[in-house]
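What follows is the residue order along each chain.
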Amino acid sequence: IAYKGMRSLGKYQHILSSTGNFRFTTNYQTKSGRYLLRGHYTSQDILNEENGGLGVPEQFTSGDDEFTDRSRIDVRFEDAENFLLGKRYFLDHEFFLFKEKDSLRNYGLSVGHQLNYETKTYEFRQTTANSYFGESYQASNLEDRAKLKTFNNQLNLNYNNKIIGQATFLVNYYKYNYYFNSLVVNDSATITNQLRDNEISIGGKFKKQIGGFSLGGDFTQNIVGDLGGTTFNAEMNYQITDDIDVDASLHASSRMPNFNFLLYQSDYKDYNWQNTDTFEKQKLSTIQGTLNSKKWGSLSVAYTVRDKYAYFEENLDTGDSISSVLDDVQRVTPTQFDGSLNSIKVKLSNDLHFLRKWGLANTIMYQNVSQSEDIINVPQIVTRNTLYYSNHLFKKALYLQVGVTAKYFSEYYMNSYSPVLGELLIQNREKIGGYPMMDFFINAKVRRTRIYLKAEHFNSPFGDNNYYTAPNYPYRDFIVPFGVVWN
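Report on the accompanying structure. (Residues numbered from 1 in each chain as written. Predicted model: local features only at pLDDT ≥ 70, side-chain atom pairs only at ≥ 80, totals over all residues. Heavy atoms only, no water.)

### So, the overall build of the protein
And step 1. Within the protein one finds two helices and 30 strands.
And step 2. Within the protein, buried positions represent 37% of all 487 residues.
And step 3. Taking all contacts inside the protein whose residues are at least 6 apart in sequence as the whole, residues at least 24 apart take part in 60%.
And step 4. Just so you have it, the protein exposes about 27700 Å², and 54% of that area is on carbon and sulfur atoms.
And step 5. Taken as two groups, the 51 positive and 53 negative side-chain charges of the protein have centres that lie 16 Å from each other. (Helix = DSSP H or I, 4+ residues; strand = E, 2+ residues; numbered from the N terminus. Buried < 20%, exposed > 50% of the residue type's maximum accessible area, 1.4 Å probe, protein only. Contact = heavy atoms within 4.5 Å. Areas by Shrake-Rupley, 256 points an atom, 1.4 Å probe, with all protein chains shown as cover. Lys, Arg positive; Asp, Glu negative; His and termini not counted. Charge placed at Lys NZ, Arg CZ, Asp CG, Glu CD.)

This is the structure we're talking about:
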């Protein structure tokens, strides 16, 4: 049984964030090992106050001492919030019809059952309608509420022996109900309040060890229902030497975009749509290879092809004022690209040690997307480098580690944010990045006590204020988190 809670007021006006997570898990098996059971219940709630970002960006970018206290900076509004509540009930149990495992025999046949029931509620609430989101159906007490209930029931038959490995055949029943509490009738169409259906899929899994090769894969195919499609995964690992191994994987899938693209209702007029008859299934294919070395690190290359990619496009009508964005209007359009998008990602990670007590941990990633329009926007270069010193002191009574971390990503059209949907939006008006972020940290351990301290983003006072997590949403300033863990 576990519970975790967090409540953060934030540095800016009306930006409180609060989460609560409850978890209960259980497992059981008979003495003979023929029957196994696992289950859990989880519940989480996430509340975010929304302020729409900076109201007067120059108050932040100018570096004026008056606005060093971030609570003095104007924001777009101070009366909105979104809320997510989710619950899940999960059961997975298996019964072995026969099972033999000794020095001469290793085989078994079992039947399994998985049950997964989830409920989710998403709400956007605002006291007074704001022109930033366009026209509204009502002037006050706006409340959008989307609900989703899903029920997943799977039966599987599992067989394993030394010759064929582990093989599974499965049948899956999926029921969903995504709904709102009203119909929307406008000049062009009537938007329904519900998407619900039953889906059935069949598939299988396979896993086998052949010498130094480890092979695995799974496949599922929808035979009833329009939401799901096909999913195929294959992976391979080969141990070349004790120090070096190779991983390779292939993924292919097709399914409809998530429910937010297909149906949404809001008290804001521009945030109502239904695309069940116009959107098609997205197709995703990825091939990836990784070379791992315990001494030199890992190098991975991934190539991805996306067809019929769905995304939210931001249509921002900007105001006339240069220093104020309070007159802007953010409209959102769910869009599906009628073509293919190809991307490649190369990532190098290692942790090098020199002079016995010094280390340098590096992650360097290169990304490139081949596209005719700016749809999948990512930084070409992302790096994270940490130089650190570790040592035992005072006759090994104290373990100490100190270091500096530098993070950097190149400029790109970073996705903007929609408070109404809680989704990211494609934008091509403002590039963000090209700014290093530096952290200094100390980790120490004395017997059963661990102490950590971190001077995060300590270089923020020395440069221009051009660091953001999304357009118009500043990244946090210099801050010192610290803590003690005692067992």
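### Some words on the packing of aromatic side chains
And step 1. One pass over the structure, following the stated rule, counts 28 aromatic pairs.
And step 2. Between Phe 60 and Tyr 468, the aromatic rings sit 5.6 Å apart at their centres with planes inclined by 70°, giving edge-to-face as the arrangement. With Phe 60 in helix α1 (residues 58–61) and Tyr 468 in strand β28 (residues 468–470), the pair connects residues that are 408 residues apart, well separated along the chain. Each member of the pair Phe 60 and Tyr 468 is classed as buried.
And step 3. Ring centres of Phe 77 and Tyr 132 lie 6.5 Å apart, and the angle between their planes is 45°; on these two criteria the pair is classed as tilted. With Phe 77 in the loop between α1 and β4 (80–101) and Tyr 132 in the loop between β5 (106–128) and β6 (140–161), this pair connects stretches of sequence that are 55 residues apart. The two residues Phe 77 and Tyr 132 agree in class, both being buried.
And step 4. The ring of Tyr 132 has Arg 76 sitting right over it, with the charged end atom 3.9 Å from the ring centre.
And step 5. For Lys 99, the ring lying beneath its charged end belongs to Phe 96, and the centroid distance is 4.5 Å. (Phe/Tyr/Trp six-rings, centres within 6.5 Å; stacked < 30°, edge-to-face > 60°. Lys NZ or Arg CZ within 6 Å of the ring centre and 35° of its normal.)

### Concerning the environment of Ser 214
And step 1. By secondary structure assignment, the location of Ser 214 is in strand β11 (residues 213–224).
And step 2. As for Ser 214 and Val 378, which are separated by 164 residues in sequence, their C-alpha atoms are 33 Å apart.
And step 3. Once you skip the residues sitting within four places of it in the chain, Ser 214 turns out to touch Lys 208, Gln 209, Glu 235, Met 236 and Asn 237.

### A short note on the nonpolar core
And step 1. Membership of the largest hydrophobic core comes to 33 residues, with the highest contact counts inside it found for Phe 133, Tyr 178, Tyr 264 and Tyr 271.
And step 2. Among the secondary structure elements, those contributing two or more residues to this core are β5, β6, β7 (165–179), α2 (259–262), β14 (263–264) and β18 (310–317).
And step 3. Once residues lying within four places of it in the same chain are set aside, the contact partners of Phe 133 are Phe 77, Phe 124, Gln 126, Tyr 268, Asp 270, Tyr 271, Val 329, Gln 330, Pro 419 and Val 420.
And step 4. Counting residues in hydrophobic clusters, the runner-up holds 13 residues, among them Leu 54, Phe 60, Tyr 412 and Met 437. (Core = buried A, V, L, I, M, F, W, Y, C linked by side-chain atoms within 4.5 Å.)

### Let's talk about the side chain of Ser 18
And step 1. Looking at where Ser 18 falls in the secondary structure, it is placed in strand β2 (residues 17–29).
And step 2. With a relative accessible area of 16%, Ser 18 lands in the buried category.
And step 3. Discounting chain neighbours no more than four positions away, the residues touching Ser 18 are Met 6, Arg 7, Asp 45, Ile 46 and Leu 47.

### What about the pairing of β2?
And step 1. With seven bridges connecting them, strand β1 (residues 2–8) and β2 associate as antiparallel partners. Considered in β2, the bridge of Arg 7 is made with Ser 18.
And step 2. Both β2 and strand β3 (residues 35–50) contribute to a ladder of 13 bridges, which runs antiparallel. Residue pairing for β3: Phe 24 is matched across the bridge by Tyr 41.
And step 3. Where β2 folds back onto β3 in an antiparallel hairpin, the turn is made up of five residues, including Gly 33, whose phi is positive at roughly 80°. (Pairing = 2+ DSSP bridges.)

### So, the side chain of Ser 416
And step 1. For Ser 416, the position within the fold is in strand β24 (residues 416–418).
And step 2. Aside from chain neighbours lying at most four places away, what touches Ser 416 is Glu 314, Glu 423, Leu 424, Leu 425, Gln 427 and Pro 471.

### Notes on the pattern of salt bridges
And step 1. A complete count under the given rule lists 15 salt bridges for this structure.
And step 2. Lys 269 is the partner of Glu 135 in a salt bridge, and the nearest nitrogen-oxygen pair spans 3.5 Å. Of this pair, Glu 135 sits in the loop between β5 and β6 while Lys 269 is found in the loop between β14 and β15 (273–274), placing the two residues 134 residues apart along the sequence.
And step 3. The partly exposed category is assigned to Lys 269, whose relative accessible area is 36%.
And step 4. The shortest N-O distance in the salt bridge between Arg 331 and Asp 270 comes to 2.7 Å. Separated by 61 residues along the polypeptide, Arg 331 in strand β19 (residues 329–336) and Asp 270 in the loop between β14 and β15 bring together distant segments of the chain.
And step 5. What makes Asp 270 partly exposed here is its relative accessible area of 29%.
And step 6. Look at the salt bridges and you will find they share partners, linking Glu 81, Glu 123, Arg 125, Glu 143 and Arg 145 into a network. (Salt bridge = Lys/Arg side-chain N within 4 Å of Asp/Glu carboxyl O.)

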